Amino acid sequence: MDSQVDLQQTDNSTPAESTDHPPRMTRQQTLTLISMASVNFSSMICYSILGPFFPNEAVKKGASQTVIGLIFGCYAVCNFIGSLIMGKYIVQIGAKFMLVMGLFVSSGCTILFGLLNRVSAGPIFITLCFVVRSIDALGFAAATTSSFAITAKIFPNNVATVLGSLEIFTGLGLILGPPVGGWFYQSFGYEVPFMFLGCFLLIMVPFNIYVLPNIDSDPSKDSFFRLLTNVKIVLICYVIFTQSAGLGFVDVSLSLFAMERFNLSSGYVGFVILGVSLPYCLASPLIGYFTDKYPSTRSWFMVIGGVATAIGFSMLGPVPFLHIPSNLWLLIIMLGLIGFSLSMTIIPTLSEIITCANEQGYEEGLSTLGMVSGLFDAFWSIGMFYGPIVGGLITQHLSFEWAAAVQGGLVLLGKRSRRSTNR
């Protein structure tokens, strides 16, 4: 009963109530914040453990760089499909049920992925990697789509602030995943990281069953396609795509590059990847608060952040025609720049899409929030498909330096279009 009362208080609150002094969070808002933080942290730490050691392990099992990129990429394709379906039918399925079942499926697939080292090398190993990762992606799509929608529903006036604060836990998951996964892998072998983290994710299931409220809403007749008739929303979706493509490229290609160029072990590569996640983690809540307080700055944050991201990728190798030698310190600095600029670009996007949808006549409710969060996840997934596969192909046939430069150019192209629209 307390959950329903608190939720009704949240739904009935108006923007006028928050003009003087921000009200204290209700019990339901506090519990929801804790729940979403646990979902973000546990999901990201399970997702990010693959980066430091899986490419090397997959090579031993007969997978090429391109196939490894496809294994990462298939996750994104299924996430894309799942996000659109979950976002459209979130009201019929139920936001709470969708999140809980998504966590359950993802935890089971994480454990199963840890058993793949027992199968034969070659086609059997590669096929099972595709199957388990695809199912895991559907669970992850359900969890993330519903979590975004629930967060926006419970905190309608502070979406960017709350999401920025939650990105601390996303960042912590990304920070801890690579070094923890690399350390477990070096100390105990391939299976233990997946078993430990899969069970950790499984613990989140009963916790969220108890904590999350049941949110009732009516289905909407609106669709994703009408959202995409808005040019501003399309450009924001392109921004989301380019940023996730960059992260996907780093996930797949950076570890092998760092191992070969600087002779680093899997454990040290995990610490190098902190260069992306730590700045992102620290900057996100500040950027979220600022863009909620000054909504007019959202577009400029996305433009400036995109330019900085393009510079970071161009210097990550660095790009060959600059004739700058590769140095570990330069690599870490550029990863830090990419992480900071990523927070500038991504944090304002969800609030901006919600604003555009409301201006376009979409009803304010769970159905619209589900479609918006599904759209965000879908384009994020497209980028996570493009980044590993295209980045892997360019790395295999040219070099890591050229692949990073191409990624930087892709980001810069989006910023030029975005700036033209602002004018």
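Cut-offs and rules
- Residues numbered from 1 in each chain as written.
- Predicted model: local features only at pLDDT ≥ 70, side-chain atom pairs only at ≥ 80, totals over all residues.
- Heavy atoms only, no water.
- Axes fitted to C-alpha atoms, helices over the stretch in contact; angles between N-to-C directions.
- Helix = DSSP H or I, 4+ residues; strand = E, 2+ residues; numbered from the N terminus.
- Left-handed = near helix turned anticlockwise from the far one by under 90°.
- Contact = heavy atoms within 4.5 Å.
- Nonpolar A, V, L, I, M, F, W, Y, C, P; charged D, E, K, R; others polar.
- Patch = residues over 30% accessible without salt bridge, like charges linked within 9 Å, V, L, I, M, F, W, Y side chains within 5 Å.
- Areas by Shrake-Rupley, 256 points an atom, 1.4 Å probe, with all protein chains shown as cover.
- Salt bridge = Lys/Arg side-chain N within 4 Å of Asp/Glu carboxyl O.
- 1 Å grid on protein atoms, 1.4 Å probe; cavity = no way out; pocket = protein on both sides within 12 Å on 5 of 7 lines; lining within 4 Å.
- Points joined across faces, edges and corners; volume = space filled by probe spheres on them.
- Buried < 20%, exposed > 50% of the residue type's maximum accessible area, 1.4 Å probe, protein only.
- pLDDT = per-residue confidence, 0-100.
- Phe/Tyr/Trp six-rings, centres within 6.5 Å; stacked < 30°, edge-to-face > 60°.

Before going further, it helps to examine the packing of helix α4 (residues 65-88) against helix α7 (residues 123-154). Remark: α4 packs on α7, axes separated minimally by 7 Å, with the N-to-C direction vectors making an angle of 35°. Crossing hand, α4 versus α7: right-handed. Residues V67, L70, I71, F72, C74, Y75, C78, N79, G82, S83, M86 and G87 of α4 lie in contact with α7, whose contacting residues are I126, C129, F130, R133, S134, D136, A137, L138, F140, A141, A142 and T145. The class makeup of the residues in the contact of α4 with α7 is 16 nonpolar, six polar and two charged.

Here we come to a nonpolar patch on the surface. A contiguous nonpolar surface patch, about 870 Å² in accessible area, is contributed by V77, I81, I85, Y89, I93, F97, M101, F104, L202 and F385. Listing elements by their share of the nonpolar patch, those giving two or more residues are α4 and α6 (95-113). As for its position among the elements, M101 is in helix α6.

With that settled, the discussion passes to the layout of surface pockets. The space that makes up the second largest pocket amounts to roughly 170 Å³. Lining the second largest pocket we find Q65, S253, L256, F257, E260, R261, T395, Q396, S399, F400 and E401. In terms of residues, the lining of the second largest pocket owes the most to one element, helix α11 (residues 231-262), which gives five residues. Each residue belonging to the lining of the second largest pocket can be placed in one class, and the counts come to three nonpolar, five polar and three charged.

Right, let's get into the pattern of salt bridges. What the rule picks out here adds up to three salt bridges. The shortest N-O distance in the salt bridge between K232 and E352 comes to 2.8 Å. Within this pair, whereas K232 is found in helix α11, its partner E352 is found in helix α15 (residues 328-359), the two being separated by 120 residues in sequence. Assessed through its relative accessible area of 29%, K232 is described here as partly exposed. A salt bridge links E352 to R298, with the nearest nitrogen and oxygen atoms 3.3 Å apart. Taken as a pair, E352 in helix α15 and R298 in helix α14 (residues 298-314) lie far apart in primary sequence, 54 residues in all.

Let us look at the confidence of the model for the chain. Scored by pLDDT, the chain comes out at a mean of 77, with 87% of its residues at no less than 70. Mean pLDDT across the elements of the chain ranges from a minimum in helix α1 (residues 2-12), with 41, to a maximum in α6, with 87. Across residues 1-22, where pLDDT falls below 50, the model places 24 contacts with residues more than four positions away in sequence or in other chains.

Within the secondary structure, L254 sits in helix α11. Classification of L254 as buried rests on a relative accessible area of 1%. Sequence separation between L254 and F400 is 146 residues, and the spatial gap between their C-alpha atoms is 8.0 Å. With residues near it in sequence (within four places) discarded, L254 still touches F249, I273, L331, L335 and F400.

Another point: the packing of aromatic side chains. Here the structure, examined in full by the defined rule, presents seven aromatic pairs. For the ring pair F249 and F313, a centre distance of 6.4 Å and an interplane angle of 55° mean the geometry is tilted. Of this pair, F249 sits in helix α11 while F313 sits in helix α14; the two residues are 64 residues apart in sequence, bridging distant segments of the chain. With respect to burial, F249 and F313 carry one shared label: buried. Measuring from ring centre to ring centre gives 4.9 Å for F290 and Y294, while their planes differ by 45°; the resulting arrangement is tilted. Judged by its relative accessible area of 38%, Y294 is partly exposed. Ring-pair connections join several aromatic residues into one group, and the members of that group are Y238, F241 and Y386.

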